[in-house]
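# Reading the structure
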Amino acid sequence: MMTLGIETSCDETGVALFSSEFGLVAHALHSQVDLHAVYGGVVPEIASRDHIRMLLPLIQQLMSDAGIDKPDAIAYTAGPGLTGALMVGGGMANGLGMAWDCPVVAVHHMEGHLLAPMLEENPPKFPFLALLVSGGHTLLIAVRKLGDYTVLGTTLDDAAGEAFDKTAKLLGLAYPGGPLLASLAETGDEKAYAFPRPMLNKPGFDFSFSGLKTAVMLEVRKAEAAGDIDSRRADIAASFQRAAVDTLVGKAIKAAHAEGLTRIVVAGGVGANRLLRSEIAERFSGEVFYPRFEFCTDNGAMIAAAGALRLSDGRAATEIKAEARWSLDTLRVPTTG
Ligand code: KG4
Ligand code: ZN
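Residues numbered from 1 in each chain as written. Chains lettered and ligands numbered in written order. Predicted model: local features only at pLDDT ≥ 70, side-chain atom pairs only at ≥ 80, totals over all residues. Heavy atoms only, no water.

## Digging into the packing of aromatic side chains
The description of an aromatic ring pair rests on the distance of the ring centres and on the angle between the ring planes. Cut-off, in case you're wondering: In summary, the pairing rule links any two rings of Phe, Tyr or Trp, Trp by its six-membered ring, whose centres are within 6.5 Å, and it sorts them by plane angle into stacked for under 30 degrees, edge-to-face for over 60 and tilted for everything else. Classification of residues uses two cut-offs on accessible area relative to the type maximum, computed with a 1.4 Å probe and protein chains only: under 20% is buried, over 50% is exposed, and between them is partly exposed. We call a charge positioned over a ring when the NZ of a Lys or the CZ of an Arg lies within 6 Å of the ring centre and within 35 degrees of the ring normal.
Within this structure, the stated rule accounts for four aromatic pairs. Ring geometry for Y193 and F195: centres 5.5 Å apart, planes at 5 degrees, overall stacked. For Y193, a relative accessible area of 11% corresponds to the buried category. F195 gets classed as buried once you look at its relative accessible area, which sits at 5%. Positioned above the aromatic ring of Y290, the side-chain terminus of R277 is 4.3 Å from the ring centre.

## Points about the domain arrangement of the protein
The following threshold applies: Here the bounds of each domain stem from an automatic or database domain assignment. Residue contacts are counted whenever heavy atoms from the two residues lie within 4.5 Å of one another. When two components associate, each loses some accessible surface as probed by a 1.4 Å sphere; the sum of these losses over both components is called the buried area. When a carboxyl oxygen of Asp or Glu lies within 4 Å of a side-chain nitrogen of Lys or Arg, that pair is called a salt bridge. Think of it this way: any DSSP run of H or I at least four residues long counts as a helix, any run of E at least two long counts as a strand, and we number them from the N terminus. All residues other than Ala, Val, Leu, Ile, Met, Phe, Trp, Tyr, Cys, Pro, Asp, Glu, Lys and Arg, Gly among them, are scored as polar; the first ten of these are nonpolar and the last four charged.
When the domains of the protein are assigned, the result is domain 1 (2-116 + 295-330) and domain 2 (127-290). Between domain 1 and domain 2, the C-alpha centre-to-centre distance is 27 Å. Contacts between the two partners involve 20 residues from domain 1 and, on the opposite side, 23 residues from domain 2. Contact with domain 2 buries surface across domain 1, with M110, L114 and C296 losing the most and accounting together for 36% of the total. Our enumeration of links across domain 1 and domain 2 arrives at zero salt bridges. Counting residues per element, the ones that place at least two in the side of domain 1 that touches domain 2 are α1 (33-37), α4 (109-115) and α10 (300-312). It is α4 that contributes the most residues to the side of domain 1 that touches domain 2, five residues altogether. Within the side of domain 1 that touches domain 2, the residues separate by chemical class into ten nonpolar, five polar and five charged.

## A word on the site of ligand 1
Our working rule: Whether a residue is near a molecule or strand is decided by its heavy atoms; if any one of them lies within 4 Å of it, the residue is near. Within 3.5 Å is the distance limit for a polar contact, defined as a pair of N or O atoms, with the added protein rule that one can donate a hydrogen and the other accept it, and that residues adjacent in sequence qualify only through two side-chain atoms. To be clear on the numbers: accessible area is Shrake-Rupley with a 1.4 Å probe, and residue cover counts the displayed protein chains and nothing else.
Taken together, 18 residues lie around ligand 1, and G135, D165, G269, N273 and D298 are the ones closest in. Between ligand 1 and G135, the relevant distance is 2.8 Å, taken from an oxygen atom to a main-chain nitrogen or oxygen of the residue. One of the backbone N or O atoms of G136 is found 3.3 Å from an oxygen atom in ligand 1. Taken by itself ligand 1 offers 550 Å² of open surface, and the protein chains cover 87% of this. Elements supplying a minimum of two residues to the shell around ligand 1: α4, α5 (160-170) and α6 (177-185). Two domains each put at least three residues into the shell around ligand 1: domain 1 (2-116 + 295-330) and domain 2 (127-290).

## Examining α10
Note the cut-off: Each helix should span, by expectation, one fewer than its residue count multiplied by 1.5 Å.
Taking 1.5 Å as the rise per residue, α10 with 13 residues should run 18 Å; its terminal C-alpha atoms sit 18 Å apart, in good agreement. For α10, the tally of buried residues reaches eleven of 13 residues, placing the bulk of the element in the interior. For α10, the complete set of buried residues consists of G300, A301, M302, I303, A304, A305, A306, G307, A308, R310 and L311. With a side-chain oxygen lying 3.0 Å from the backbone nitrogen of A301, the N-terminal cap of α10 falls on N299. Where α10 terminates, the next one or two residues include G314, which has phi positive at roughly 95 degrees.

## Remarks on the pairing of strand β1 (residues 2-7)
Short version of the rule: By the convention used here, strands pair only if DSSP detects at least 2 bridges between them.
Among the six residues of β1, six are classified as buried, and the element is accordingly described as predominantly covered. A two-sided burial pattern is seen for β1, the buried positions comprising M2, L4 and I6 on one face and T3, G5 and E7 on the other. Relative to strand β2 (residues 12-19), β1 is paired through six bridges, and the arrangement is antiparallel. Residue pairing in the sheet places L4 in a bridge with L17 of β2.

## Regarding the environment of I74
Here I74 shows up in strand β4 (residues 73-79). Here I74 falls in the buried class, since its relative accessible area comes to 0%. Residues I74 and E186, spaced 112 residues apart in sequence, show a C-alpha to C-alpha distance of 41 Å.

## Points about unusual backbone geometry
Put simply, G79 and P80 share a cis peptide bond, and its omega is -10 degrees. Tracing the backbone through its elements, the reader meets P80 in the loop between β4 and α3 (83-100). The omega torsion across Y175 and P176 is -10 degrees, close enough to zero to call that bond cis. Position of P176 among the secondary structure elements: in the loop between α5 and α6.

## Overview of the environment of H36
Note on placement: H36 falls in helix α1. In sequence terms H36 and A47 are eleven residues apart; their C-alpha atoms lie 8.2 Å from each other. H36 has contacts with D11, G41, V42, V43, I46, A47 and Y175, leaving out every residue within four places of it along the chain.

## Here we look at the coordination of the zinc ion (ligand 2)
By definition of the ideal shapes, four donors in a tetrahedron about a metal sit 109.5 degrees apart, and six donors in an octahedron sit 90 or 180 degrees apart. Formally: Counted as coordinating are nitrogen, oxygen and sulfur atoms within 2.8 Å of the metal, or 3.2 Å for Na, K and Ca, while water is not included, which may make sites look incomplete. In these descriptions, tetrahedral denotes four donors with every angle between 85 and 135 degrees, square planar four donors and octahedral six donors with opposite donors over 155 degrees apart and the rest between 65 and 115, and irregular any other case.
Only H109 (NE2), H113 (NE2) and D298 (OD) from the protein reach the zinc ion (ligand 2) as donors, at distances of 2.1 to 2.2 Å. Considering all four donor atoms around the zinc ion (ligand 2), the spread of angles at the metal, 92 to 148 degrees, places the coordination shape in the irregular class. For the zinc ion (ligand 2), the single-chain donor residues occur in sequence as H-x3-H-x184-D. Here H109 and its partner H113 are both found in helix α4, four residues apart, which amounts to about one turn of the helix. According to the relative accessible area criterion, H109 is buried, its value standing at 6%.

Okay, structure coming up:
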């Protein structure tokens, strides 16, 4: 079965073809980063308009490059995300589904992220603990089987990626700052500043990044007032990254132990962070799985793969769904249609 995947939840237009027999066949991505960079963040209206402009040509190119006339099924991101952007993908998927007379399945964006390592050669087996860290979410999830997700912890304020992006902004880096901050950190001393590891020693699996952000802001202001911010930037970046990574890794390992899980999946944009990857591999006694770097951030391949798994599980949607907020917990109730 050949599934066309469509991702339009935020600022990337992603499309892919996934074969249930042979795995990923082709994928393509158009990033809107340059369009939003001038505003310092994603502008929802611009995102929707650009998805409309790019989506159909991207699908046509993908299908003709792969020599496919018509897929057997279509999977699209139905949420969570920006409502207008989601509606572009949902409208396109359902229109094409009607034209091609094929099933259309609504995919949860975070389920796409957590199943993204299934695209790799050595995919994780169920059950596993998922650490989902993106620009909009920070989640620790016990994944027992497909569709059986228990959210163990989440952030009480900023998402992990948001904390990276806001800290990067404080340091004068461009949007989106996460990867830029990570590169700058490579040249700094991570022990230069003793930033807090928020909630690390508290019971439970929730996160909070606002205290860490404030601590960074105070040091930035101090360095600016002293006139030596230029020589401090890399040290602040490195010390922030170390504190954020210690918190994420510490909580994830604790949760895996508490749930008796011997596998951890790290996914979402912040999962591309090299320190996070090396640290969790070093400190966790079980197995750790990641998607390849390009499938950590938003893409169509993870949506095509999650949709194909869902369809083989007997689920297809017939409505155009666009849910700005949508809890992963609700996926446990099987829906057929
Ligand atoms: O999953 P994603 O592409 O979009 C959302 O669904 O939010 O994640 C984007 C986030 C941004 O906050 C970006 O700064 C962060 O992932 N990110 C990183 C790195 N690469 C991307 N954060 C830290 N280190 C990185 N290497
Ligand atoms: Zn995402």
